[in-house]
Amino acid sequence: LQILTQAPDLRERIAQGGAIGYSIIALGIAGLLLALYRLGLLTLVGRSISKQLADMDNPRDNNPVGRIMLAARADEASDAETLELRLGEAVLKEAPRINAWVSLLKIIAAVAPLMGLLGTVTGMIITFQAITLFGAGDPRLMAGGISQALITTVLGLSVAIPMLLLHNLVHMRARSLIEIIQHEAVGLVAAKAEAVNTGGDTLGEPTGMAA
């Protein structure tokens, strides 16, 4: 019972990680906020694309598909090859906006366990210094270094695992939106080529794809 009463609580265990432990926690909080922000933003973009796909006759510039369609209408007089290049350029402009900060989430997921490993090494150095100065007779002299080594490892893994999952989630959502944009761009080029081959003068509308 005395051992249980003297056991450190969560706050005290985190404090045992020292500056490295607090840095890992701060990194994890920043990564979590960034992931939630990107997920929310991509969800809004997906909804705006869905609304645009439901009304293909009225392209709007508040969504990537609408901007692609407006770019196609601006070059409607061009041939299919020129239109394909223009739309390819437009798609390349939209992709960085959708993929913004996604790579940073992956970096956070990779850096967190490395910071935990740094804390582990630092804690072991403190432990060996205590052994060198005072010997190994009193385990309490080594407890601080061992605690730091273990706590920072746990914190690093606790941040890295959910950040890796969040990165994959954000990446898959961004990739699905880019695929929709590319699908609509190809549809516009195909409609233009069909119109040229059949002698038409207007650019056909692509088939909408659900976001």
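In this text, all values refer to a predicted model and were calculated from it rather than measured experimentally.

Rules of the game
- Residues numbered from 1 in each chain as written.
- Predicted model: local features only at pLDDT ≥ 70, side-chain atom pairs only at ≥ 80, totals over all residues.
- Heavy atoms only, no water.
- Helix = DSSP H or I, 4+ residues; strand = E, 2+ residues; numbered from the N terminus.
- Contact = heavy atoms within 4.5 Å.
- Areas by Shrake-Rupley, 256 points an atom, 1.4 Å probe, with all protein chains shown as cover.
- Buried < 20%, exposed > 50% of the residue type's maximum accessible area, 1.4 Å probe, protein only.
- Polar contact = N/O pair within 3.5 Å; in protein donor to acceptor, adjacent residues only side chain to side chain.
- Expected span 1.5 Å × (residues − 1).
- Core = buried A, V, L, I, M, F, W, Y, C linked by side-chain atoms within 4.5 Å.
- Axes fitted to C-alpha atoms, helices over the stretch in contact; angles between N-to-C directions.
- Parallel < 35°, antiparallel > 145°, perpendicular 65-115°, else oblique.
- Nonpolar A, V, L, I, M, F, W, Y, C, P; charged D, E, K, R; others polar.
- pLDDT = per-residue confidence, 0-100.
- Salt bridge = Lys/Arg side-chain N within 4 Å of Asp/Glu carboxyl O.

Enquirer: Quick question: what am I supposed to make of the overall build of the chain here?
Expert: When you go through the chain residue by residue, the secondary structure sums to seven helices and zero strands. Along the chain direction, N to C, the helices and strands of the chain fall in the order α-α-α-α-α-α-α. Taking as baseline every contact in the chain between residues at least 6 positions apart, the subset at least 24 positions apart corresponds to 71%. Of the roughly 12,400 Å² of accessible surface on the chain, 65% is carried by carbon and sulfur atoms.

Enquirer: Any chance you could explain the side chain of T127 here in plain terms?
Expert: Here T127 lies in helix α6 (residues 102-134). T127 sits in the buried class, given a relative accessible area of 4%. Of the polar contacts made by the side chain of T127, one reaches the backbone oxygen of G123; its length is 2.9 Å.

Enquirer: Please clarify how α6 should be interpreted in this entry.
Expert: Working note: α-helix, 3.6 residues per turn, so residues spaced by three or four point in the same direction. Its 33 residues place the ends of α6 49 Å apart at the C-alpha level, agreeing with the 48 Å of an ideal helix rising 1.5 Å per residue. Looking at α6, one finds that the buried residues are V102, L105, I108, A109, A112, G116, G119, T120, G123, T127 and A130.

Enquirer: Could you clarify how one ought to interpret the environment of E81 in this entry?
Expert: Along the chain, the position of E81 falls in helix α5 (residues 80-98). As for E81 and A193, which are separated by 112 residues in sequence, their C-alpha atoms are 8.6 Å apart.

Enquirer: Is there a simple way to think about the nonpolar core in this case?
Expert: Membership of the largest hydrophobic core comes to 40 residues, with the highest contact counts inside it found for I49, V65, I68, L87, I98 and M163. Counting only elements with at least two residues in this core, the list comes to α3 (18-54), α4 (64-74), α5, α6 and α7 (140-197). Leaving out residues up to four positions away in the same chain, I68 has contacts with L87, A90, V91, E94, I181, A185 and L188.

Enquirer: Help me understand the environment of I20, please; the structure alone is not making it clear to me.
Expert: Tracing the backbone shows I20 in helix α3. By relative accessible area, I20 is classed as buried at 17%. Taking the C-alpha atoms as reference points, I20 and T120, separated by 100 residues in sequence, lie 9.7 Å from one another. In this structure I20 touches M115, L118, G119, T122, Q148 and T152, once residues within four positions along its chain are discounted.

Enquirer: Help me understand unusual backbone geometry, please; the structure alone is not making it clear to me.
Expert: What is expected of a backbone is that most residues other than glycine have negative phi and most peptide bonds are trans. Not every positive phi belongs to a glycine, and W101 is a case in point at roughly 70 degrees. Structurally, W101 can be placed in the loop between α5 and α6.

Enquirer: Explain the packing of α3 against α6 here, please?
Expert: The description of two helices packed together rests on the angle between their axes and the distance between the axes. One way to put it is that α3 packs onto α6 with a least axis distance of 10 Å and a crossing angle of 170 degrees. Relative to α6, α3 is oriented roughly antiparallel. Contact residues: I20, S23, I24, L27, G31, L34 and A35 in α3; L104, L105, I108, V111, A112, M115, G116, L118, G119 and T122 in α6.

Enquirer: Can you walk me through the side chain of Q148 in this structure?
Expert: Mapped onto the fold, Q148 is located in helix α7. For Q148, a relative accessible area of 12% puts it in the buried group. Dropping the residues within four chain positions of it, Q148 is found in contact with Q16, G17, I20, G119, T122, G123 and I126.

Enquirer: Explain the packing of α3 against α4 to me, please; I cannot follow it from the model alone.
Expert: Interhelical geometry of α3 versus α4 gives an angle of 50 degrees and a closest axis separation of 7 Å. Here α3 is positioned oblique relative to α4, judged by the angle of their axes. Touching V45, I49, Q52 and L53 of α3 are P64, V65, G66 and M69, all from α4. Class assignment of the residues belonging to the contact of α3 with α4 gives a composition of six nonpolar, two polar and no charged.

Enquirer: Would you mind going over the confidence of the model for the chain with me for this structure?
Expert: Caution applies to low-pLDDT parts of the model: their predicted coordinates are not meant to be read in detail. For the chain, per-residue confidence averages 87 on the pLDDT scale, and 89% of positions sit at 70 or higher. Put simply, helix α1 (residues 2-6) is where the chain has its lowest mean pLDDT, 64, and α3 is where it has its highest, 96.

Enquirer: Is there a simple way to explain the pattern of salt bridges in this structure?
Expert: Should the charged atoms of two oppositely charged side chains come close, the side chains can pair. Using the criterion set out here, one finds four salt bridges in the structure. With its nearest N and O atoms 3.6 Å apart, the salt bridge here joins D55 to R60. R60 gets classed as partly exposed once you look at its relative accessible area, which sits at 29%. Here K93 and E89 are joined by a salt bridge, their closest N and O atoms 4.0 Å apart.

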